[in-house]
Amino acid sequence: MKTYVKFAISMAAVLALAVLLNVRLGQLPPLGKFLDPVNGVWQNALIPDIPKSEEFILPGLKDTVRVVFNKRGVPHIFASNQYDLFYTAGYVSAMHRLWQMEFGTHASTGRLSEILGEIALSYDRYTRRMGMTIGLEKMMDATRQDTTMMAILQAYSNGVNQWISNLTPRKYPFEYKLLDYAPEPWSPEKTLALGMAINRDLNSGTSATQLSYLQARWGREAILELYGSRPKYDLPIVPYIDSDYSVKSPSPPSEIFHPRFVADLLTPRDPSIGSNNWAVAGYRTLSGHPLLANDPHLEATLPSIWYEMQLNAPGINTYGVTFPGVPSVIIGFNEKIAWGNTNTGNDVFNLYEIEADSTQTQYLHDGKWLPFSFRIESYKVKGKGTVTDTIPITHHGPLMYRQHEQGIAMGTPVNHAISWTALESGNVVGPLFGLNTASNYNDFRNALSKLNSPAQNYVFASVNGDIAMQLNGLWPLLWKYQGMFVNDGRDSRYNWKGYIPFRYLPHELNPTRGYVSSANQQTSPASYP
């Protein structure tokens, strides 16, 4: 009898262990699957970090492509046609950074809950309520009009998907095994989603709610004295403006608007954040040729935010860094020019206080009740099924949180709509490709004239001796200090009145001082309208 009891206890223990090893424990993967010696995490130690240089003969390529990897694993891709070039760029990028690419697109489109479960749902809702998917859809619509860029994006996607098709669960990157998740196919839309992520990182900051809170207690004069004045010795990025500037600035209301709903948070700016770039004219250098340097102080991450590569095919030969998932060099050089960028920090993200009626279906504007339009968002939550969310949309933009809703964190403002240039980004990858293939200053400016967002300070140098600084992007026509505080969404005087034409954005070519530079300071002189 005792033998049967021992056997039953042992069998129960074995079954319990088998179940335990094949069941997720919170965010942990099934331990049996994760520790499987054949397909589990141990196999990742056998995957080489830096492949050997080789000729790629892949399904879908039109010809052989040669890829040379240097000792740091940086790929130099040489192709006989552009389709093969970008196909291989996608293949190699996925080889090195597939998880980073996938996780980045999920984060920027509010899909993290598909991987992480309910814990990420509030972040996903926040992401979509600020308009990330709205901007992505508009970006995709604009890019579809550019057949050349769509062909490049599709070639890149085909290359990423070729790498994914080679993977078995045994060779999945570590993160997939840890989260018990399988790679999904890449698409042009995913590349553009990374464009929206960069917009959010670089051009979605505002202190309007905090400054409006302080204004209500200390008065506007005190706030403008503390936060609205220029440092005495601040040298603008572009110290001079063209004399033919003819755009009239809007006039501000005479009365000061005090929001009803303000946040009492005051988050100090991280003093370690700040970028710089410069170009020096040839007459100031030992070689007699211009020098250019660019240092974007983005966060140090593992893996790096940047991905270094060379792209070489008929019509293009460029080297520099990009974001994994993007088929163009973002900061770099080609045989004729070099370029780089820092962040402008200009007002492209404004908050509007909205007053809704008791039914939450209308909002007040110029004494009339206007109907919200409503956008339904669906979220596939791991282990929970599908959840939906309704986002009210105003003529300013999306209303992030209504008064009865809880934001992503304590202190998140409610009853605020967003006007944001990223929601009008247009085709962002086409202009980047234009920079990669530019051969002179005019090509450089032409490419930037089509890059609506993010707004940046672009430094330039060329082999013919030119140096320049050019600011790009959509700059809303605002009165002085508009956007510094929360705008009154009830009053049309606070509406954006269009954008400054590109030709009037701050820029300069070959200044007499012999250099151009930026370090996130004021973009233009006090005389700029």
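Structural data are supplied above this passage.
Residues numbered from 1 in each chain as written. Predicted model: local features only at pLDDT ≥ 70, side-chain atom pairs only at ≥ 80, totals over all residues. Heavy atoms only, no water.

Colleague: An account of the overall build of the protein chain is requested, with residue identities and associated values reported.
Modeller: If you tally the helices and strands in the protein chain, you get 13 helices and 20 strands. Burial status across the protein chain gives 52% buried among its 529 residues. Restricting to contacts in the protein chain with at least 6 residues of sequence separation, those with at least 24 account for 67%. For the protein chain, the exposed area adds up to about 25300 Å²; of that, 57% sits on carbon and sulfur atoms. (Helix = DSSP H or I, 4+ residues; strand = E, 2+ residues; numbered from the N terminus. Buried < 20%, exposed > 50% of the residue type's maximum accessible area, 1.4 Å probe, protein only. Contact = heavy atoms within 4.5 Å. Areas by Shrake-Rupley, 256 points an atom, 1.4 Å probe, with all protein chains shown as cover.)

Colleague: Break down helix H10 (residues 208–218) for me, citing the residues and quoting the values.
Modeller: Residues spaced three or four apart along an α-helix face the same direction, because each turn holds 3.6 residues. Listed in full, the buried residues belonging to H10 are Ala208, Thr209, Gln210, Leu211, Ser212, Leu214 and Gln215. Tucked inside the fold, the buried residues of H10 contact helix H11 (220–228), strand S10 (349–353) and strand S15 (416–420). After H10 finishes, the residue Gly219 shows a positive phi value of roughly 95°.

Colleague: Outline the sheet that holds strand S2 (residues 65–69), supporting the account with residue identities and numerical values.
Modeller: Across the sheet, which stays open at both edges, the 10 strands sit in the order S1-S2-S3-S6-S7-S8-S9-S16-S17-S19 with mixed pairing between neighbours. Two strands bound the open sheet, and with one partner strand each, they are strand S1 (54–56) and strand S19 (507–509). Averaged over all pairs of adjacent strands, the angle between their axes in this sheet comes to 20°, without regard to strand direction. Helix-sheet contacts for helix H12 (residues 429–437) involve strand S6 (307–313), strand S7 (316–322), strand S8 (331–334), strand S9 (337–343) and strand S16 (456–462), and the interaxial angle to S7 is about 120°. (Pairing = 2+ DSSP bridges. Axes fitted to C-alpha atoms, helices over the stretch in contact; angles between N-to-C directions.)

Colleague: Describe in detail unusual backbone geometry, supporting the description with residues and values.
Modeller: Note that the residue after Leu302, namely Pro303, is joined by a cis bond; omega there is 0°. A cis amide bond links Ser453 to the next residue, Pro454, at an omega of 5°. Secondary-structure assignment places Pro454 in the loop between helix H13 (441–448) and S16. Although it is not a glycine, Asn415 sits at a positive phi angle of roughly 60°. On the secondary structure map, Asn415 appears in the loop between strand S14 (385–393) and S15.

Colleague: A description of the sheet that holds strand S5 (residues 291–295) should follow, citing residues and the corresponding values.
Modeller: Strand order in the open sheet formed by 3 strands is S5-S4-S20, with antiparallel pairing between adjacent strands. A single partner strand is all that each edge strand has here, and the edge strands are S5 and strand S20 (515–518). The mean inter-strand angle of the sheet, taken between neighbouring strand axes irrespective of direction, is 0°. Sheet topology note: the strand S4 (residues 276–280)/S20 ladder contains 4 bridges and is antiparallel. Within S20, the residue paired with Val280 across the bridge is Tyr515.

Colleague: Could you give an account of the pairing of S10, naming the residues involved and the relevant values?
Modeller: Regular strands show a simple pattern: their side chains alternate between the two faces of the sheet. Most of S10 is tucked away, with 5 of its 5 residues classed as buried. For S10 and strand S18 (residues 487–488), the ladder comprises 2 bridges, and the chain directions are parallel. Bridged to Tyr352 within S18 is Asn487.

Colleague: Break down the pattern of salt bridges for me, with residues and values.
Modeller: In total, this model carries 18 salt bridges according to the counting rule given. In this structure, Glu355 engages Arg260 in a salt bridge whose closest nitrogen and oxygen atoms are separated by 3.6 Å. Taken together, the residues span a long stretch of sequence, with Glu355 in the loop between S10 and strand S11 (362–365) and Arg260 in the loop between H11 and S4 at a distance of 95 residues. Among the salt bridges present, the one from Asp491 reaches Arg493, with a minimum N-O distance of 2.7 Å. Owing to a relative accessible area of 36%, Arg493 belongs among the partly exposed residues under this scheme. (Salt bridge = Lys/Arg side-chain N within 4 Å of Asp/Glu carboxyl O.)

Colleague: Please set out a nonpolar patch on the surface residue by residue, giving values where relevant.
Modeller: On the surface, a cluster of nonpolar side chains totalling about 370 Å² of accessible area is made up of Trp218, Leu226 and Tyr227. As for its position among the elements, Leu226 is in helix H11. (Patch = residues over 30% accessible without salt bridge, like charges linked within 9 Å, V, L, I, M, F, W, Y side chains within 5 Å.)

Colleague: Provide a residue-level description of the side chain of Asn334, including the pertinent values.
Modeller: With respect to the element layout, Asn334 can be found in strand S8. Within the structure, Asn334 has its side chain in polar contact with the backbone nitrogen of Ile337 (distance 2.8 Å). Each residue touching Asn334, except ones within four places of it in the same chain, is listed here: Asn317, Thr318, Trp339, Leu435, Asn436, Thr437 and Ala438. (Polar contact = N/O pair within 3.5 Å; in protein donor to acceptor, adjacent residues only side chain to side chain.)

Colleague: Can you explain the packing of aromatic side chains? Please cite residues and give values.
Modeller: This model, assessed by the stated rule, comprises 20 aromatic pairs. Between Phe56 and Tyr91 the ring centres are 5.6 Å apart and the planes differ by 80°, which places this aromatic pair in the edge-to-face class. Here Phe56, found in strand S1, pairs with Tyr91, found in helix H3 (residues 82–108); they are 35 residues apart in sequence, far enough to count as distant. The class of Phe56 is buried, set by a relative accessible area of 3%. Of the aromatic side chains, those joined through ring pairs into one cluster are Trp99, Phe103, Tyr172, Tyr176 and Tyr181. Above the ring of Phe485, the side-chain terminus of Arg220 is found at 4.3 Å from the ring centroid. Sitting over the face of the ring of Tyr515, Arg513 holds its NZ or CZ atom 5.1 Å from the ring centroid. (Phe/Tyr/Trp six-rings, centres within 6.5 Å; stacked < 30°, edge-to-face > 60°. Lys NZ or Arg CZ within 6 Å of the ring centre and 35° of its normal.)

Colleague: Could you give an account of the nonpolar core, naming the residues involved and the relevant values?
Modeller: Note that soluble globular proteins tend to have their nonpolar side chains buried in a common cluster. In terms of nonpolar packing, the biggest core is built from 117 residues, with Phe56 and Trp420 touching the most fellow members. Sort the elements by how many residues they give to this core and H3 lands first, with 11 residues. Residues contacting Phe56, with those up to four places away along its chain left out, are Leu61, Asp63, Thr64, Val65, Val67, Phe69, Tyr91, Val92 and Met95. Counting residues in hydrophobic clusters, the runner-up holds 6 residues, among them Leu214, Leu224, Met484 and Phe485. (Core = buried A, V, L, I, M, F, W, Y, C linked by side-chain atoms within 4.5 Å.)

Colleague: Describe the packing of helix H6 (residues 132–144) against helix H7 (residues 147–166), naming the residues involved and giving the relevant values.
Modeller: Running from N to C, H6 and H7 cross one another at 115°; their axes reach a closest spacing of 7 Å. As judged from the angle between their axes, H6 and H7 are roughly perpendicular. When H6 is examined against H7, the residues Met140, Thr143 and Arg144 are found in contact with a partner set consisting of Met149, Met150 and Leu153. Grouping the constituent residues of the contact of H6 with H7 by class yields 4 nonpolar, 1 polar and 1 charged. (Parallel < 35°, antiparallel > 145°, perpendicular 65-115°, else oblique. Nonpolar A, V, L, I, M, F, W, Y, C, P; charged D, E, K, R; others polar.)

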